[in-house]
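# Secondary and tertiary structure notes
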Amino acid sequence: MEITYMEIFHKQGLLGLLFWFMLLIDSLRMMVLARKEKALAFFFGISILLIYIQSMFNPFLNNSMGIGFILVAYISLYRIKQNN
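Let us now look at the nonpolar core. Counting residues in hydrophobic clusters, the biggest one holds 20 residues, and the most contacted among them are W20, I48, Y52, L61, I70 and L77. If you list the elements that add at least two residues to this core, you get α1 (4-33), α2 (38-54) and α3 (64-83). Element by element, the count of residues in this core is highest for α1, at eight residues. Once residues lying within four places of it in the same chain are set aside, the contact partners of W20 are I8, Q12, Y52, L61 and I67.

Our focus in this paragraph is the pattern of salt bridges. All told, the structure shown has two salt bridges when counted by the stated rule. In this structure, E7 engages K11 in a salt bridge whose closest nitrogen and oxygen atoms are separated by 2.9 Å. You can see E7 and its partner K11 sitting in helix α1, four residues apart, about one turn around the helix. The exposure class of E7 is buried, given its relative accessible area of 14%. The closest approach of N and O atoms between D26 and R29, which form a salt bridge, is 2.5 Å. One end of the pair, D26, and the other, R29, are both in helix α1, three residues apart, so they sit about a helical turn from each other. Given a relative accessible area of 40%, R29 falls into the partly exposed group.

Next up on the list: α3. Taking 1.5 Å as the rise per residue, α3 with 20 residues should run 28 Å; its terminal C-alpha atoms sit 29 Å apart, in good agreement. Residues of α3 that are buried: G66, I70, A73, S76, L77 and I80. Seen from one end, α3 has its buried residues packed into an arc of 130 degrees, which puts them on one side. Facing away from the buried side of α3 by over 90 degrees, the exposed positions are S64, V72 and I75. Where α3 is buried, its residues contact α1 and α2.

So, how was this worked out
- Residues numbered from 1 in each chain as written.
- Predicted model: local features only at pLDDT ≥ 70, side-chain atom pairs only at ≥ 80, totals over all residues.
- Heavy atoms only, no water.
- Core = buried A, V, L, I, M, F, W, Y, C linked by side-chain atoms within 4.5 Å.
- Buried < 20%, exposed > 50% of the residue type's maximum accessible area, 1.4 Å probe, protein only.
- Helix = DSSP H or I, 4+ residues; strand = E, 2+ residues; numbered from the N terminus.
- Contact = heavy atoms within 4.5 Å.
- Salt bridge = Lys/Arg side-chain N within 4 Å of Asp/Glu carboxyl O.
- Expected span 1.5 Å × (residues − 1).
- Arc of directions from axis to C-beta.

Read these as geometric descriptors, not functional statements.
Here it is, written out as structure tokens:
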């Protein structure tokens, strides 16, 4: 399927969609709460958001490139949050 969210819903159901959107919400929350290195946190948060937007048209979110970048950006946001 071209639409990633329909494929996630088809294979994983509502729990799968909930997991992926909770990951997005948590990433954006960490981006907003970053006090130090706000510009770097903004870059990682917006890049995750852009991957989610791009996944509306291409199967990028559940692709290895998309997942890899989301994990790197999420871990970076988590480390920035820890350093605050």
